[in-house]
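# Analysis of the macromolecular model
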Amino acid sequence: MNSTVKRGLVSLLAASSLVATMLLGIAPAQAAKGANCQVNTPAASAQCDLITVALVNKVLTLDPANPGRTTNQNYVTRLLVQGQLFRYDGKGVAQPDLVDTYNVSSDGLTWTFVLKKGLKYSDGVTPVTADDAVFSWEYNLKPAPPGFTSVTNVAASDARTIVVTLSKPFSDFPRAIAGIYWTINPRSAAANNAAYWSNPLSAGPFRIKKWVQGADEFLVEANPNYWAKLAVKRVRFLAIPDPVTRVLALKQGTIDYAFDLPASIGRNQLNDPKQFRGTPFQLQGNFTLDFNLRAGNEDKPWFDPKVRQALSFALDRKQFSDLAFSGEVVPSCALTYPTNPNYLCVKPGGVKQDLQKAKELLAQTKWPTGFPIRLSVFNRPGWADGASVIASQWAKIGVVATVAAEPDAVGLAGQTNGTFQVQLSGYGSTWLSGGLATYMGAVGAWTVWSGSKSNDALVSTYDAAIGKKAQQAVLTTIEQLIWDESAHIPVGQRSGWGASRLPAGVFQNATATDLYVVKQTPALDAQKKKK
């Protein structure tokens, strides 16, 4: 299997070479500009006039209510050109951004946020108001997405004060609103105006300089009306869907930063510390195998929970990590990701492979000797190789998996239309209950796509639990339900690798997230904290 994976990577490199040559031959002049913008520039003096950052796909929408809002290239760019009450700093901590001060009532049910004085949008005229936050909530977050169901009301008590009322305490609320959902836009410009989202006013660190919907390029510049000064004047985002092409573009200087690269090729090609800095990362979420249990699949082998559990026992999660991700994926047998302090696993045998148990379970079904199944996977670095490793493991119990690596649009269509059989996918969530709600919430994406059971009450109960003991008690119940159903089989914590030509800290991803952070003065973590 190791040689198979390597052959796949070599083939991918060859297939990408022509595209890369065409791209790289004309674009190096677009790489980083600025006297203090080299990889070894001390962070304290780093300043970049222009940087180029690779995206996995084209930016298709900045509308926070568009179904594509949860697609990476759309939200990572949107969050830079729209305001947020809280924003993640480089360490992955949710810090006040547009908020000056905030407090929480003693019962944990009322959060009050006071905006900074004198905030204006990027036009320099339109004020940022508490009512804009109310409008943005009503526009984007009704009905509430996964993780926000405890919010019962959002109101403005005056021009700067936002009051949020909850039905249950929500200890991770700042982390939730620093994520991809609650961006702030002006009611006066955005209400009932679909055209607004082609060039929204920005209360965030950047504003749009040039963008045509669906174009390869998305160019932004520092927002002169943002409350802090940025260390990067312009960012040119460039859609480069092929991961190997991203490596070659970075090597040639066409781009300066890419978050998601094939690690084995990247480490080989980008190994000069005078030019590049490698950035391995683990996201706050897991790779999962997700089965289609929607109506019409009742006669399929994977509709039987014993079959799904047999497939889980057949997994060698460490081999999956070693062969496809250079050992950087931490094996997991729980929906809670392994680096979370509340991680616990209820699956019998933990993460160890147990082929005998897998065969015993299959023997109790209509498919004792196995069956064919289509294993689809997004075309991301290492993912197809990981799916091939899984297919080789399932073959040992007679299950013949055909691996289908698909572009995002194709994979998403399969999820939405219910045409997939099993998909290697996963989640990343900046707060744990947001990830749990994706798989257990009534409106959670995977709850809907797979047809699995939902239990919003349990997710809300976890949010309201105070302290590790109380939280783990709820998680034990959640993880047991996840295992009993096994509509979603955790494989390992999502991991990846990126590389940069830029000074440390000037432009990066927040720790354990795919959200971008730019160096600014004053820093996010220098702001006033909770009163």
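Please read these numbers as outputs of a predicted model, since none were measured by experiment.

## Regarding the pattern of salt bridges
In total, this model carries 14 salt bridges according to the counting rule given. Between arginine 234 and glutamate 221 there is a salt bridge, with its nearest N and O atoms 4.0 Å apart. Here the residue arginine 234 occupies a position in strand S13 (residues 232-239), and glutamate 221 occupies one in strand S11 (residues 217-222), the gap between them amounting to 13 residues. On the basis of relative accessible area, glutamate 221 is assigned to the buried category, the value being 14%.

## A short note on helix H6 (residues 243-252)
Of all the ten residues making up H6, eight are buried; the element is thus mostly covered by neighbouring parts of the structure. For H6, every residue scored as buried is listed here: Pro243, Val244, Thr245, Arg246, Val247, Leu248, Ala249 and Leu250. The distance from a side-chain oxygen at the start of H6 to the backbone nitrogen of valine 244 is 3.2 Å, and the residue carrying that oxygen is aspartate 242. Just downstream of H6 lies glycine 253, where phi reads positive at about 90°.

## Description of the sheet that holds strand S7 (residues 151-156)
If you trace the four strands from one edge of the open sheet to the other, you get S5-S6-S8-S7, paired in antiparallel fashion. This sheet does not close on itself; its edge strands, each paired only once, are strand S5 (99-104) and S7. The sheet shows a mean angle of 15° between the axes of neighbouring strands, taken without regard to direction. The sheet contact formed by S5 and strand S6 (residues 110-115) spans five bridges and is antiparallel. Each residue of the ladder has a partner; that of tyrosine 102, found in S6, is phenylalanine 113.

## Side note on the environment of leucine 293
On the secondary structure map, leucine 293 appears in the loop between strand S15 (277-291) and helix H8 (305-313). Among all residues touching leucine 293, those that are not within four sequence positions of it are Trp302, Phe303, Arg308, Ser450, Gly451, Glu485 and Ala487.

## Let's talk about the packing of helix H15 (residues 456-464) against helix H16 (residues 468-485)
For the pair H15 and H16, the least separation of the axes is 8 Å and the interaxial angle reads 155°. Taken as axis vectors, H15 and H16 run roughly antiparallel relative to one another. Where H15 crosses over H16, the two elements pack in a sense that is left-handed. Every residue of H16 that contacts H15 at Leu458, Thr461 and Tyr462 is listed here: Gln471, Val474, Leu475, Thr477, Ile478 and Leu481.

## Brief notes about the packing of H8 against helix H10 (residues 355-363)
At a minimum axis separation of 8 Å, H8 and H10 run at an interaxial angle of 165°. As summarised for this structure, H8 and H10 are arranged roughly antiparallel, according to the angle between their axes. The chirality of how H8 crosses H10 is left-handed. Each of Lys306, Val307, Gln309, Ala310 and Phe313 in H8 lies in contact with H10, whose residues at this interface are Leu355, Lys357, Ala358, Leu361 and Leu362. Counted by class, the contact of H8 with H10 contains seven nonpolar, one polar and two charged residues.

The rules behind each value
Residues numbered from 1 in each chain as written. Predicted model: local features only at pLDDT ≥ 70, side-chain atom pairs only at ≥ 80, totals over all residues. Heavy atoms only, no water. Salt bridge = Lys/Arg side-chain N within 4 Å of Asp/Glu carboxyl O. Helix = DSSP H or I, 4+ residues; strand = E, 2+ residues; numbered from the N terminus. Buried < 20%, exposed > 50% of the residue type's maximum accessible area, 1.4 Å probe, protein only. Polar contact = N/O pair within 3.5 Å; in protein donor to acceptor, adjacent residues only side chain to side chain. Pairing = 2+ DSSP bridges. Axes fitted to C-alpha atoms, helices over the stretch in contact; angles between N-to-C directions. Contact = heavy atoms within 4.5 Å. Parallel < 35°, antiparallel > 145°, perpendicular 65-115°, else oblique. Left-handed = near helix turned anticlockwise from the far one by under 90°. Nonpolar A, V, L, I, M, F, W, Y, C, P; charged D, E, K, R; others polar.

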